[in-house]
Structures are given as structure tokens and as C-alpha cells.
Amino acid sequence: MSKDKGKAASPNDNSVTSAKGKKSEKSDTATPPLSAKRLETATAEIALQRFSIEATPSLHVVGTFDAGITVLRQQARALNLAWAMIEAGKIAPDGEPPTRIAVIGAGFAGLTFAAAMLVKEVNCRITLFEEHDTLLPLQQGSDTRWLHPHIYDWPEVGSESDVAMLPVLNWTAARASDVAVQILQQWRRIVSKHARIDLFCNTRHLQLSPATADPRQARIEWIGDRREAKDGTSCVEAGSALGRAECFDEVVLSVGFGIEDGQPSYWRNETMGQPNLHQRRLTHLVSGQGDGALIDLFRVRISQYRQDRILEEMFLGADELVAKLRSIKLGAGKGSGAPTLFAAFDELFGVEAVVGDKAAKEVLERLERRLRRDTDAVLHLKVHEMAELLEPETSRTSFQNALLAYLLYRVGGFAPSRDAIESLCERYSIAPAQVVKRHGVKRLPQLERILSKQLFGLVQQKVSNGNGFARQAAEPHWPGGYFGYPGPSWKKADLDDDKRSVWRKEYLPGPTEMVAATICGAVVGAIYDMRPHLEHVRVTLHRVLPIGTELLLQQACDYQGKGFDPEATAARTYPAENAMIGLAWRCQRGARTRADASEGAIVEAMKQLNLHEAAREMMPSISYVLALPVMQLDPNFQPPGPVAAVLYLDSKDNDFWLRDEEIARLSGIVRRAFAALDEKSFPGVRNIGYRDACPKARRPSKLPRNVAGAIELLKPAYSPVIDGKFVLNFDRADPASIDGVSKMPSCTVKTGTA
């Protein structure tokens with residue numbers, strides 16, 4: 001079938017970049033109405049209240065008083081703060097003097113906030129203060145502690161993922177020292193590209209007070225070594241450790257969780273987790289009832305213990321048990337009618353329960369076999385009973401550590417006691433070197449020593465007023481792709497096509513990109529076979545990707561095909577309902593340009609599909625477009641289930657138009673390719689589910705009337721269907737904890753509409 005060249009334009013953000021310097025035509029909605037800007041500002045201001053004191057100067061505290069004390073959650077809070085400050089108008093507009101921001105603390109949160117502000121290219125100048133000698137001082141060289149981004153979410157879907165999946169300073173599970181190296185490598189690249197930051201290490205006498213001349217500013221005086229910001233090691237100038245005092249418009253206090261109350265220091269290297277070499281058996285005393293104390297208890301008593309994989313090793317193949325534990329976690333602390341955690345665990349692993357449950361018995365036997373024979377342990381507690389240790393009212397222990405403590409108690413792995421430490425040491429002949437104290441942190445003194453009396457009083461007031469700094473969200477507030485373009489969200493419509501060609505990128509796993517490119521390459525090969533004289537065709541695949549509460553479509557690989565200049569377009573994200581791929585997603589059916597559509601009708605249809613909100617301007621030489629959803633077989637959906645991915649194809653050839661039977665052939669290739677993934681094993685790689693990857697069961701949308709003149713929907717039978725729930729999220733994983741790809745992970749059903 002023949003078509004006139006130039007009739008269609010790309011309905012996706014898949015067009016060729018416009019000539020450099022050429023101003024793109026803007027639609028009537030290129031500049032959002034003022035109400036949209038006000039909405040973004042109001043939303044950000046509400047979020048900002050969780051970080052800030054309600055007074056001048058502007059002080060923002062990151063995570064110090066919250067309960068979720070993981071690296072990933074601190075980074076997410078830092079990104080939320082960066083988003084909130086930018087969207088709330090805390091940063092000076094371009095053309096005015098830059099906003100001066102002081103970031104106190106160069107740990108994970110401080111570096112993530114600073115890096116986020118740099119990649120957003122907003123009008124600010126950052127000064128970063130660190131009281132120690134280098135960046136990430138706690139984790140550098142810490143080889144006995146393991147960091148895993150999602151382990152504290154276990155047993156939720158996606159908790160086994162080894163990758164943080166952050167848009168800024170992303171990292172993979174490893175020893176703390178190795179994670180520090182990963183972060184600093186990315187930090188170096190960002191600072192080298194956006195050199196608008198000063199760094200002072202070894203800061204002494206750092207004091208913060210309101211500025212006398214302008215109380216809206218903060219005055220900071222300090223003594224410190226001025227360093228190269230990109231590495232934190234090289235001094236910028238000789239004799240730079242001089243006394244200084246400067247004023248700042250905004251101050252971010254990323255000082256961590258306070259001064260550690262206990263010994264030895266949690267992040268310092270020691271040997272309690274290693275086999276004894278000089279004594280046959282040692283008794284250790286661990287004092288504390290938080291996660292830090294329990295982790296050290298596990299290291300002392302469980303052979304080859306690693307926090308990031310111990311639960312997966314214990315519950316290998318026990319899928320039904322894990323599902324029950326997931327339900328217990330969801331119901332924990334939700335009303336007086338719910339059983340205590342101890343009682344809930346007893347129903348699964350108690351003496352009577354394991355008699356008839358082979359899987360539960362096997363979990364306990366695995367743990368018992370892993371008990372170290374060269375150690376004993378006493379867990380020193382404040383509470384009277386083990387049951388109290390597992391309850392949120394008396395302990396801040398995470399769910400998975402509470403579970404492992406219960407299981408270790410069941411196999412006789414330690415003795416809990418409330419007796420005095422001195423008495424226990426005498427009774428069990430415990431040497432001082434075998435005593436570990438994990439008594440939490442002193443949060444307020446960390447701030448008191450750097451803030452003036454006036455400012456510290458404001459912080460105390462907010463903390464005492466229902467702990468106003470707590471409950472800082474660790475889930476993304478920023479919209480998908482936010483850190484992939486410069487400036488606030490309400491200005492993104494003004495970005496030219498050169499910026500849009502690489503904008504809105506989110507983390508894309510390398511293995512996922514390889515899988516997607518392989519499938520698209522197979523589709524291109526089939527098209528070549530059907531069209532031997534083909535001059536131009538582009539094929540790519542988009543996966544469904546949740547970011548916070550938002551559902552996106554992410555380009556999972558660069559274009560495969562012929563007749564175009566290669567571009568690094570992989571990892572770009574699009575709102576799930578926009579453009580042709582969004583139409584295929586919400587209609588749950590394939591969509592293509594009609595054979596008889598006029599150029600004007602196609603251009604107007606693309607406007608109606610809000611193409612330019614998520615994409616570059618259309619390329620007028622495109623003559624054919626196809627968007628084909630890859631469906632999941634799910635009985636909750638009719639027909640046949642939610643969308644797992646969307647295949648996108650376009651061509652500029654005048655006579656290119658795929659007939660129904662040819663689309664059916666491509667659909668079969670895609671279906672068989674996805675089905676084959678379920679049978680293959682990729683060493684060091686697995687397909688990892690994530691929460692909220694599927695929308696709530698809903699009816700498919702109908703084709704909008706205002707685009708029917710240019711676009712038509714295909715019959716559902718032409719969409720490839722995967723037998724079962726599926727997400728496209730292949731990623732690297734620790735080879736020691738997996739055995740290839742065992743099966744496709746299920747995605748959970750959201751409680752709200754997508």
C-alpha cells in the first residue's frame with residue numbers, strides 16, 4: 001500500500017533532532033497557565049514544611065529526626081528537598097545574583113542534595129562543609145558493613161533489587177566502602193561538568209547564626225581546609241585553613257542522625273563477624289534493641305552472615321511463607337485487633353506450627369545449621385520479654401531484623417537479659433573487647449554544637465511540637481524525569497528540542513537495555529525480510545516504570561533499524577497517557593496511523609495527544625507509526641490484562657505501511673522473545689519486580705474522537721500477550737545470592753488508578 005511521503009509525523013518523542021539553533025514551533029500550551037505554576041509551588045511548599053523551621057533564616061534539616069535511617073531513604077529525602085526548594089521558588093531566577101546555599105555535612109544526604117541542585121542547573125552557588133577529612137567519611141574504608149538499598153523493605157515486591165534506582169548518585173548493593181567509591185565516582189563527574197560548588201573539609205568552629213545585616217540570611221563562621229570539590233582530597237590553595245565568615249540565603253543541615261551513643265563505632269572495622277583464630281569459643285555481649293544491635297548480634301552468631309542476602313538464603317523456595325510474612329508486615333501496628341509480631345511469627349514458626357509446615361521447619365533448620373560454633377551471645381535489653389522487642393511501641397526494630405531475631409531466638413542462638421552489663425560480663429566471663437553497645441544516637445546535641453542559641457531554640461520548638469521534622473517522605477515527590485532537565489517543572493515546556501532529545505531520563509538497568517535492544521533487533525530483521533528495499537525504519541521498546549505515585553513509559557533501548565543518525569535516547573521517560581505510546585497503553589490495543597490520514601489531521605491528532613508535553617516536535621517526514629502494547633495475562637483485567645511494555649515503530653519510506661497479517665507476524669516475534677526470557681538463565685542477572693508496576697484493574701480507554709481521523713486501533717488479537725504477570729526490569733545481582741532467572745516476578749496491583 002502506498003502513502004504520500006511527509007503525511008505523518010512522529011507521535012512519540014522519537015523524532016530526529018531539529019537543526020541546531022532552530023527555534024521550535026510551540027503549541028498553545030507551550031507555556032503553562034499561571035495556575036499550573038501556582039499548583040506546583042503550593043505542593044512544594046507543603047512538602048518543604050517537613051524540612052524547614054518556620055522562621056528566618058531558611059534552615060532545612062534532612063532526616064535527622066526521622067525513623068527510616070537507610071542510605072537510600074536519606075538520599076530520597078535529599079532529592080525531595082531539592083525538588084521542593086526549586087519548585088517553591090527558593091532559588092533566584094536566572095539573571096539575578098545566585099542563591100547562596102550552605103550544605104553542612106558531606107555524607108550521602110548532603111552530597112545527593114548538592115548533586116541534585118547541580119544537575120538541575122539552577123541559579124545557585126553551593127558551599128559544602130564537612131568536619132572530617134574527606135567526603136563520605138563514615139563509609140570510606142568501612143569493609144565490615146554491607147549496604148543494600150531495599151533490604152529494609154523485605155518481604156515486599158522489589159526488596160531483592162540490588163540497585164537503588166535513583167536519578168542522581170545511584171548505587172548498587174556492596175560493602176559500605178565500595179558504595180562510597182560508586183557515589184564518589186558519579187560525584188566527580190557531576191562536579192566536573194557543573195563547577196558551581198566550594199568545599200571545605202576539616203571544618204572547625206563551625207557556627208551558624210542569623211546575619212546581623214539581613215536576618216533572612218544565615219551567617220556561618222568556620223575554620224577549614226578548602227579542597228577540590230570533585231574529590232575532596234586536593235587542597236585548592238596553600239594555607240587555606242583560615243578563619244572565615246560568610247552569609248548564605250539557604251542552609252541545609254545534613255548532619256546525619258547525631259552523635260553515636262555506644263562503642264565500638266558502627267562504621268569502624270572490627271573482627272567480630274570473622275571466625276576466631278586464637279580461642280575456641282568466645283561469648284559476646286550486645287547491648288541495645290535497635291537495628292544496629294541486632295545486626296551485630298547476627299554477625300556474632302550466624303556464620304557467613306550478610307545483611308543483604310541472609311533472608312533470601314533462609315527463605316529460598318518458601319514462596320508461600322514469604323507471602324504470609326508480607327501480609328503480617330502490612331498488618332503490623334494497625335489496630336488493637338492485630339496480633340503482636342511475636343504471636344504472628346509464632347503462628348508460622350512456633351513449636352506446634354512447624355510440625356505440619358515443612359517449609360517453616362526447613363527455614364529453622366537452615367538457620368540452626370548456620371549457627372557459629374565458636375561464639376555465644378547475650379543480648380542486653382531494656383524490655384522484659386522478647387515479645388516486647390518486636391513491637392514498634394517499645395522498639396524501632398525493622399520488620400526483617402525483628403523476624404530474624406525471632407528465628408534466632410527459636411533456634412537458641414542467644415540469651416536475652418535485662419541484668420546489668422557488669423553483672424552479665426562477670427557471670428559469662430565476657431572480656432571488654434567482646435562488649436558491643438548500640439544505644440542509638442543523640443540527635444539534638446549534633447545540632448546544638450553548631451547552631452546559635454536562638455536557632456537551636458527554634459529547632460527544639462519544632463521537635464517538641466509533635467516532632468515536626470519527622471515523617472519526611474522517603475518516597476519520591478519529584479515527578480518522573482525531573483532531574484533529567486534543567487530548571488523547575490513549570491518551565492520545561494520552554495525547553496528547545498536539543499534539550500528534549502536527552503531529557504527526562506531515569507535509571508535504566510544495562511541488562512534491561514540489552515534485552516530490549518535484542519528484541520527490537522529481531523523485529524527489525526523481520527521487517528527487512530518483509531521490505532527488502534527498506535531505506536528507513538526505527539524500532540524501540542518502552543517499559544512501564546513507576547516513579548513514586550506516577551506511572552511512566554521509559555524508552556528501554558536506543559533505536560534499532562536503518563537510515564537515521566544514532567542518538568542516546570534510551571532511559572527517557574514519558575507520561576503514561578501521552579503520545580502514541582500512551583494511547584496504546586491506555587487503550588490496551590495497538591495503534592497506527594491510518595492509510596488515508598491527511599498531514600493536517602495527523603498533526604492535529606498529535607497535538608490532541610499532548611505529544612509536545614513529553615517530546616520533541618514531530619518530524620514531518622515520518623509516513624507511518626505503530627505503537628503495539630505487550631500485554632500481561634491477568635484475570636483481573638479484561639481483556640486480557642495490564643500493559644508490560646509498548647513496542648514503537650516508525651518509518652519515512654513513502655510506500656511503508658504494515659498490513660494486519662504483517663503486524664501479527666511482528667507480534668508473534670515479540671511474544672516468543674518475551675516467552676523465551678522465562679526459560680533462559682543469565683548469570684549475575686535477574687528480572688526484579690517492583691511495587692505498583694501495574695495499574696488497578698480498569699476498563700481500556702476508547703480511541704478519542706478528536707484523533708480518529710488520523711489514527712486507528714488494532715484488534716486486541718494483534719497485541720503480543722505474555723502468559724502471566726511480568727515487568728521488564730532485568731538488572732545485575734549478586735551472583736552469590738541468585739541462581740539465574742528462576743521465574744518472572746509478579747507486579748502488585750495498585751490501590752488507586754494509574
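Here the structure is a predicted model, which is why all the values come from computation and not from measurement. (Residues numbered from 1 in each chain as written. Predicted model: local features only at pLDDT ≥ 70, side-chain atom pairs only at ≥ 80, totals over all residues. Heavy atoms only, no water.)

Moving on: the overall build of the chain. Within the chain, the secondary structure is distributed over 21 helices and 25 strands. Scored against the burial criterion, the 754 residues of the chain give a buried share of 56%. By sequence separation, contacts in the chain at least 24 residues apart represent 79% of the contacts at least 6 residues apart. (Helix = DSSP H or I, 4+ residues; strand = E, 2+ residues; numbered from the N terminus. Buried < 20%, exposed > 50% of the residue type's maximum accessible area, 1.4 Å probe, protein only. Contact = heavy atoms within 4.5 Å.)

The next thing to look at is helix H5 (residues 291-301). Counting buried positions over the 11 residues of H5 gives 10, a clear majority of the element. Looking at the buried residues of H5, the elements they touch are strand S11 (282-287), strand S12 (375-380), helix H11 (386-389), helix H12 (399-410) and strand S14 (435-442).

One pass over the structure, following the stated rule, counts 20 aromatic pairs. One aromatic cluster in this structure is built from Phe342, Phe345, Phe399, Tyr406, Tyr409 and Phe414. A cation over an aromatic ring shows up here: Lys120 above the ring of Tyr482, its NZ or CZ 3.6 Å from the ring centre. In this arrangement the basic side chain of Arg306 is found over the ring face of Trp146, its NZ or CZ atom lying 3.5 Å from the centre. (Phe/Tyr/Trp six-rings, centres within 6.5 Å; stacked < 30°, edge-to-face > 60°. Lys NZ or Arg CZ within 6 Å of the ring centre and 35° of its normal.)

Turning to the pairing of strand S3 (residues 124-129), a few remarks are in order. Summarising burial for S3: 5 of the 6 residues are buried, a large majority. In this sheet, S3 lies alongside strand S2 (residues 99-104) in parallel orientation, the contact comprising 6 bridges. The residue bridging Val103 from the neighbouring strand is Leu128, located in S3. Between the parallel pair S2 and S3, the chain is carried across by helix H3 (residues 108-119), and the sense of this crossover is right-handed. Here S3 runs beside strand S6 (residues 197-210); their pairing, made up of 4 bridges, is parallel. Each bridged residue has a counterpart across the sheet, and for Ile126 the counterpart in S6 is Ile197. (Pairing = 2+ DSSP bridges. Right-handed = clockwise from strand over helix to strand, strands pointing away.)

Sheet strands line up and pair through hydrogen bonds in the backbone, either parallel or antiparallel. Strands sit in the order S1-S9-S2-S3-S6-S7-S8 across an open sheet of 7 strands; the sheet is mixed. Strands with a single pairing partner mark the edges of an open sheet, and in this sheet they are strand S1 (58-61) and strand S8 (242-248). In this sheet, adjacent strand axes meet at a mean angle of 35 degrees when their direction is disregarded. Where S2 lies against strand S9 (residues 250-253), 4 bridges are found, and the strand directions are parallel. By the bridge assignment, Ala102 is partnered in S9 with Val251. Against the sheet, helix H2 (residues 71-87) contacts S1, S2 and S9, and its axis sits at roughly 165 degrees relative to S9. Sheet strands touched by H3: S2, S3, S6 and S9. Its angle to S3, the strand with the most contacts, is close to 165 degrees. (Axes fitted to C-alpha atoms, helices over the stretch in contact; angles between N-to-C directions.)

By size, the foremost hydrophobic cluster in this structure holds 121 residues, and its most contacted members are Phe315 and Phe349. The residues touching Phe349, leaving out its near neighbours within four places in the chain, are Phe315, Leu321, Leu325, Val354, Ala360, Val363, Leu364, Leu403, Tyr406, Leu407 and Arg410. In terms of nonpolar packing, the next biggest core, distinct from the first, is built from 42 residues, Phe656, Trp657, Ile663 and Leu728 among them. (Core = buried A, V, L, I, M, F, W, Y, C linked by side-chain atoms within 4.5 Å.)

This next bit is on the pairing of strand S15 (residues 537-547). In regular strands, side chains alternate between the two faces of the sheet. Extensive coverage of S15 is indicated by the burial of 11 of its 11 residues. Side chains of S15 alternate between two faces, with Val537, Val539, Leu541, Arg543, Leu545 and Ile547 and Arg538, Thr540, His542, Val544 and Pro546 buried alike. Two elements, S15 and strand S21 (residues 643-651), share 6 bridges in a ladder whose sense is antiparallel. Bridging from a neighbouring strand, His542 pairs with Val646 of S21.

Okay, the state of the cysteines next. Applying the stated criterion across every chain yields a total of 0 disulfides. Of all cysteine sulfurs in the structure, the one in Cys235 sits closest to Cys201, which takes part in no disulfide; the separation is 8.8 Å. Accessibility expressed as a relative area gives 0% for Cys201, which makes it buried. Looking at the unpaired Cys520, the closest cysteine sulfur is the one in Cys557, lying at 3.8 Å. Residue classification places Cys520 among the buried residues on the basis of a relative accessible area of 0%. (Disulfide = S-S within 2.5 Å.)

Enumeration according to the criterion identifies 33 salt bridges in this entry. One salt bridge connects Asp153 with Arg73, and the closest N-O pair in it is separated by 3.2 Å. Taken together, the residues Asp153 in the loop between strand S4 (146-147) and strand S5 (174-175) and Arg73 in helix H2 connect sequence positions 80 residues apart. Linked through salt bridges whose partners overlap, the residues forming this network are Arg145, Glu270, Asp296, Arg299 and Arg438. (Salt bridge = Lys/Arg side-chain N within 4 Å of Asp/Glu carboxyl O.)

With that out of the way, let us pick up the packing of helix H10 (residues 358-369) against H12. It is at 9 Å that the axes of H10 and H12 come closest, and there the two elements cross at 75 degrees. In this view, H10 runs roughly perpendicular relative to H12, as classed from their interaxial angle. Here Val363, Leu364 and Leu367 of H10 come into contact with H12, specifically with Leu404, Leu407, Leu408 and Arg410. Taken together, the residues that form the contact of H10 with H12 break down as 6 nonpolar, no polar and 1 charged. (Parallel < 35°, antiparallel > 145°, perpendicular 65-115°, else oblique. Nonpolar A, V, L, I, M, F, W, Y, C, P; charged D, E, K, R; others polar.)

Quick look at unusual backbone geometry now. Residue Pro155 follows Trp154 across a cis peptide bond; omega there is 10 degrees. One can find Pro155 in the loop between S4 and S5. The residue Leu169 is not glycine, and still its phi comes out positive at about 50 degrees. Residue Gln304 is not a glycine yet carries a positive backbone phi of 55 degrees. Examined against the element boundaries, Gln304 turns out to sit in the loop between H5 and helix H6 (310-314). On the basis of relative accessible area, Gln304 is assigned to the exposed category, the value being 63%.

Further remarks concern the confidence of the model for the chain. Summary statistics for the chain give a mean pLDDT of 84 and a share of 85% for residues scoring 70 or more. Across the chain, S2 holds the top mean pLDDT of 97, while helix H16 (residues 497-500) sits lowest at 63. Scored below 50 in pLDDT, residues 1-33 shows 118 contacts in the model against residues more than four places distant or in partner chains. The low-confidence segment residues 738-754, where pLDDT is below 50, has 62 contacts with residues more than four positions distant or belonging to other chains. (pLDDT = per-residue confidence, 0-100.)

Okay, the environment of Pro700 next. If you trace the backbone, Pro700 turns up in the loop between strand S22 (685-687) and strand S23 (711-713). A relative accessible area of 26% means that Pro700 is categorised as partly exposed. C-alpha of Pro700 to C-alpha of Arg586: the two residues are 114 residues apart in sequence and 6.1 Å apart in space.

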